[in-house]
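Read off the chains here:
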Amino acid sequence: MDTKPYDFALNAASFLNGRDAAPDFAVVLGSGLGAFAKQLSEPNVISYADIPGFPNVGVAGHAGQLVVGRVGPDGPRVAALSGRVHLYEGHDPNMVVHPVRTLALWGVGTIVFTNAAGAIQDQLKPGDLMLISDHINLTGLNPLTGHNDERLGTRFPDMSYAYDRDVTACFKAIAKEQNIHIGVGVYAGLRGPSYETPAEIRMLRAMGADAVGMSTVCEVIAARHMGMTVAGISCITNYAAGLSDDLLDHSEVKATADLARNKFLNLLNGGIKRIMAKE
Ligand code: HPA
């Protein structure tokens, strides 16, 4: 990255300012979860290709659009990032978190990260949703490595309550009201792109991980560095390696995310309305 991460994100944020007013709330959509962006009303669709420094998103199931719209006809305005970049594509961690930093500088205060993940915890099965209570960053990378730009945040940001307890409790309450079965657990973020071995999954379980995936952790670190309020929701798309007889396959990950789509939409729509009503 040629420019400093702060200036790089500020440039993108001023572009967005020219296109729309920043909503308070944003959602980053994981593989196969783009349906949330498509159902927003009064949508303002901004292509990543137009936003300075935004990535070309390569993975099937990711659209490469920032959609600003309302949750329901008179509902709160939100921004949905449909498509993200991953470390496994070879991107620098600063590139992976550039969209998150841009949203923060634009004015978004609360951000929900969603992802597809494999189940490690016994209570989770494909098609379930899991609220992320905490994470383990096993990518071997951190987006805050190197010079710390104080305009972004402090050198050593606290990560004790990275996933906001109030926002998470709101989603949990909505799930209960809507009869959506939802787990709560620790997300282990790995660099990928190969799926884990069964031995690695046994190690992750012993470490205290409940689900495993290849995104989110760097973005959460960058968001917390900038003081954003963060929550996370995993869509469990498969049993992690060695926990069933099935082999892992990205097309199945997407197909299972599709099956969970309605639950996921109801949870997000209901949760966001409740959270925004409280603010
Ligand atoms: N491992 C890592 N990433 C994933 C998985 C998995 O089992 N499922 C969906 N993303």
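One can find the structure itself at the top, above this paragraph.
The following refers to the structure shown. (Residues numbered from 1 in each chain as written. Predicted model: local features only at pLDDT ≥ 70, side-chain atom pairs only at ≥ 80, totals over all residues. Heavy atoms only, no water.)

## Focus: the packing of aromatic side chains
Quick note on the threshold: Ring pairs shown here join Phe, Tyr and Trp side chains whose ring centres sit within 6.5 Å, with only the six-membered ring taken for Trp; geometry is labelled stacked below 30 degrees between planes, edge-to-face above 60, and tilted in between. The classification of residues rests on relative accessible area computed with a 1.4 Å probe and restricted to protein chains. Under 20% of the type maximum is buried, over 50% is exposed, and intermediate values are partly exposed. Should the NZ of a Lys or the CZ of an Arg lie within 6 Å of a ring centre and within 35 degrees of the ring normal, that charge is described as sitting over the ring.
Under the definition given, this model contains one aromatic pair. Measuring from centroid to centroid gives 5.2 Å for Y48 and F54, while their planes differ by 80°, and the two rings are edge-to-face. Owing to a relative accessible area of 2%, Y48 belongs among the buried residues under this scheme. Just above the ring of Y161 sits the side chain of R165; from NZ or CZ to the centre is 3.8 Å.

## Focus on the site of the ligand
For clarity, the threshold we go by: A single heavy atom is enough: if one lies within 4 Å of a molecule or strand, its residue is considered near that molecule or strand. The definition of a polar contact used here is a pair of N or O atoms within 3.5 Å, where within protein one atom must be able to donate a hydrogen and the other to accept one, and adjacent residues in sequence count solely through side-chain atom pairs. Note on areas: Shrake-Rupley with a 1.4 Å probe; residue coverage comes only from the protein chains shown. For helices the rule is a DSSP run of H or I covering at least 4 residues; for strands it is a run of E covering at least 2, with both sets numbered from the N terminus onward. In this classification, the charged set is Asp, Glu, Lys and Arg, the nonpolar set is Ala, Val, Leu, Ile, Met, Phe, Trp, Tyr, Cys and Pro, and all remaining amino acids, among them Gly, are polar.
Every residue near the ligand is listed here: A116, A117, G118, Y195, E196, V212, G213, M214, T237, N238 and L248. Between the ligand and G118, the relevant distance is 3.4 Å, taken from a nitrogen atom to a main-chain nitrogen or oxygen of the residue. Here a nitrogen atom of the ligand and a side-chain polar atom of N238 are 2.7 Å apart. When the ligand sits alone it has 260 Å² of accessible area, and the protein chains cover 95% of it. Top element by residues in the shell around the ligand is strand β5 (residues 110-119). It accounts for three residues. Taken together, the residues that form the shell around the ligand break down as six nonpolar, four polar and one charged.

## A few points about the environment of V220
Counted only if it meets this: Any pair of residues with heavy atoms lying within 4.5 Å of one another is described as a contacting pair.
Tracing the backbone through its elements, the reader meets V220 in helix α7 (residues 217-225). Considered as a pair, V220 and D258 are 38 residues apart in the sequence and their alpha carbons are 25 Å apart. Sequence-distant contacts of V220, defined by excluding residues within four places in its chain, comprise F113, H135, M159, A162, Y163 and V230.

## Side note on the pattern of salt bridges
Test applied: Definition used for salt bridges: Asp or Glu carboxyl oxygen within 4 Å of a side-chain nitrogen of Lys or Arg.
Inspection of the entire model under this criterion finds nine salt bridges. Close ionic contact of R151 with D7 constitutes a salt bridge, the shortest N to O distance being 3.7 Å. One end of the pair, R151, is in the loop between β6 (129-138) and α5 (165-177); the other, D7, is in helix α1 (residues 5-19), with 144 residues separating them in the sequence. Classification of R151 as partly exposed rests on a relative accessible area of 45%. For D7, a relative accessible area of 29% corresponds to the partly exposed category. Between E42 and R70 there is a salt bridge; the shortest N-O distance is 3.5 Å. Pair noted here: E42 is in strand β2 (residues 41-47) and R70 is in strand β3 (residues 65-70), with a separation of 28 residues, a long-range link. Ionic contacts of the salt-bridge type, sharing partners, join the residues D7, D149 and R151 into one network.

## Here's the deal with the nonpolar core
Counted only if it meets this: The term nonpolar core refers to a set of buried residues drawn from Ala, Val, Leu, Ile, Met, Phe, Trp, Tyr and Cys, joined through side-chain atoms within 4.5 Å.
If you look at the biggest cluster of nonpolar residues, it comprises 45 residues, and the most contacted ones within it are I51, L66, L103, W106, I111 and F113. Ranked by residue count, the leading element in this core is α7, at five residues. Excluding its chain neighbours within four sequence positions, the residues that come into contact with L103 are A26, L66, L81, V108 and I111. Core analysis: the second largest hydrophobic core is formed by 34 residues, A37, I182, C235 and I275 among them.

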